[in-house]
Amino acid sequence: MHQPTANYVEYYGMENGLPLDDPDSGYDPNYPFKGRDPRFYHDIIFDGVQYINGDPGADAAMKYAGLATGGSMRAVSNASRTGYFYQKLVPHTCQKIDQGSADDYGLNPHAYIPYMRLADIYLMYAEACAVKGGPAGKSDKCSLTSIDALNKLRDRVGAGHVSTKFTGNAYMDEVRRERAVELAFEGHRFNDLQRWLLLTEPKYTVKTSAEFIRVEDESFFKDNDPRDARIAEYHQEVILTRDFSAKHYWFPLMRDDTYIFDGFVQNPGWE
């Protein structure tokens, strides 16, 4: 998944800690890359980011990521279908032109994905405590509340704390959003949606691309931060819809195992 969908990237909120759709977030669709959660800049390649450090030669159009609609990096067959790339696990400098630099990954680029991170411990704790008592929920054996645990992660990256205006279901949405951002592309998402019983909800089955017009010319990106770039006519388009149903809350058992004895039946929907 080196092309995160536009609706997934929207989980990365603003530096002040608020989600993009909050009226107090300060998000401006004409400047969608400005003032975002620091993890957005760490994880995501967006339009105008300097993609090549060395001399691009014949690939000059790739110097700055052309991820606007019709841009140099929007070919569906070999570039980005969604308007984004990710760089969380392997830096974008892992490409043929910058080979030999300090970011040289050789001919066999690879990424190390931990089985468990401390951040995941905080997230699991925050979620369990939230189910028990909302933002102020806590364990008798730990001084942290649920919201304290989330804010530990926010402090680490320099993002604003979770707003105390989020309570009830709205707070649980923030817990889920924090998990989506902090653990993005690390292999947790399917299982999380499955255990939350959200896997079949349209919000999660529909996948979108970011479509917009680049207002700035190429020279802008040579002397300015791409997060300050202005765009126009931003909207999202559906590129696919996952065909998940109730059976996907289960995994199929191996057919040979279901033949061991008569009472060992296949999981629902996989018969």
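Residues numbered from 1 in each chain as written. Predicted model: local features only at pLDDT ≥ 70, side-chain atom pairs only at ≥ 80, totals over all residues. Heavy atoms only, no water.

Engineer: Can you help me understand the packing of helix α3 (residues 118-133) against helix α4 (residues 146-157) in this one?
Structural biologist: The packing of two helices is summarised by the inter-axis angle and the distance between the axes. In contact at an axis separation of 8 Å, α3 and α4 are set at 155° when each is read in the N-to-C sense. Of the possible angle classes, the one that applies to α3 and α4 is roughly antiparallel. Handedness of the crossing formed by α3 with α4: left-handed. Across the interface between the two elements, Ala-119, Tyr-122, Leu-123, Tyr-125, Ala-126, Cys-129 and Ala-130 from α3 touch Ser-146, Ala-149, Leu-150, Lys-152 and Leu-153 from α4. Residue classes in the contact of α3 with α4 are distributed as ten nonpolar, one polar and one charged. (Axes fitted to C-alpha atoms, helices over the stretch in contact; angles between N-to-C directions. Helix = DSSP H or I, 4+ residues; strand = E, 2+ residues; numbered from the N terminus. Parallel < 35°, antiparallel > 145°, perpendicular 65-115°, else oblique. Left-handed = near helix turned anticlockwise from the far one by under 90°. Contact = heavy atoms within 4.5 Å. Nonpolar A, V, L, I, M, F, W, Y, C, P; charged D, E, K, R; others polar.)

Engineer: Help me out: how do you make sense of the packing of α4 against helix α5 (residues 168-182) in this one?
Structural biologist: Direction vectors running N to C along α4 and α5 enclose 35°, while the axes themselves pass 11 Å from each other. For α4 against α5, the interelement crossing comes out left-handed. Contacts from Ser-146, Ile-147, Leu-150, Leu-153, Arg-154 and Arg-156 of α4 reach α5 at Tyr-171, Glu-174, Val-175, Arg-177, Glu-178 and Glu-182. Residue composition of the contact of α4 with α5, grouped by class: five nonpolar, one polar and six charged.

Engineer: I keep staring at the packing of aromatic side chains and nothing clicks. Help me out?
Structural biologist: For any pair of aromatic rings, the description consists of the separation of the ring centres together with the inter-plane angle of the planes. Going through the model one piece at a time under the given rule, you end up with 16 aromatic pairs. Judged by centre distance (6.1 Å) and plane angle (65°), the ring pair of Tyr-41 and Phe-46 falls under edge-to-face. Aromatic ring contacts, followed pair by pair, group Tyr-12, Phe-33, Phe-40, Tyr-41, Phe-46, Phe-212 and Tyr-234 into a single cluster. One residue, Arg-36, lies across the ring of Phe-40, its end atom 4.3 Å from the ring centre. (Phe/Tyr/Trp six-rings, centres within 6.5 Å; stacked < 30°, edge-to-face > 60°. Lys NZ or Arg CZ within 6 Å of the ring centre and 35° of its normal.)

Engineer: I tried to follow the nonpolar core on my own but got confused; where do I start?
Structural biologist: Core analysis: the biggest nonpolar cluster contains 33 residues, and Phe-40 and Tyr-84 have the highest contact counts within it. Among the elements of the structure, α1 (6-9), α2 (38-43), β1 (44-45), α5 and β3 (206-214) are those that each provide at least two residues to this core. Of the residues forming this core, the biggest block, three residues, is contributed by α1. Setting aside anything within four residues of it in sequence, one finds Tyr-84 in contact with His-2, Gln-3, Pro-4, Ala-6, Val-9, Phe-33, Ile-44, Ile-45, Phe-46, Leu-67, Ala-210 and Tyr-234. Formed by 18 residues, the second largest nonpolar core is a distinct cluster that contains Ala-119, Tyr-171, Met-172 and Val-175. (Core = buried A, V, L, I, M, F, W, Y, C linked by side-chain atoms within 4.5 Å. Buried < 20%, exposed > 50% of the residue type's maximum accessible area, 1.4 Å probe, protein only.)

Engineer: What's the story with the pattern of salt bridges in this structure? I'm lost.
Structural biologist: This model, assessed by the stated rule, comprises 21 salt bridges. The partner of Asp-22 in a salt bridge is Lys-165, and the shortest N-O contact between them spans 2.9 Å. Of this pair, Asp-22 sits in the loop between α1 and α2 while Lys-165 sits in the loop between α4 and α5, and the two are 143 residues apart along the sequence. Judged by its relative accessible area of 41%, Lys-165 falls in the partly exposed class. Two residues, Arg-214 and Asp-47, come together in a salt bridge whose shortest N-O distance is 2.7 Å. Here the residue Arg-214 occupies a position in strand β3, and Asp-47 occupies one in the loop between β1 and β2 (85-86), the gap between them amounting to 167 residues. According to the relative accessible area criterion, Asp-47 is buried, its value standing at 2%. (Salt bridge = Lys/Arg side-chain N within 4 Å of Asp/Glu carboxyl O.)

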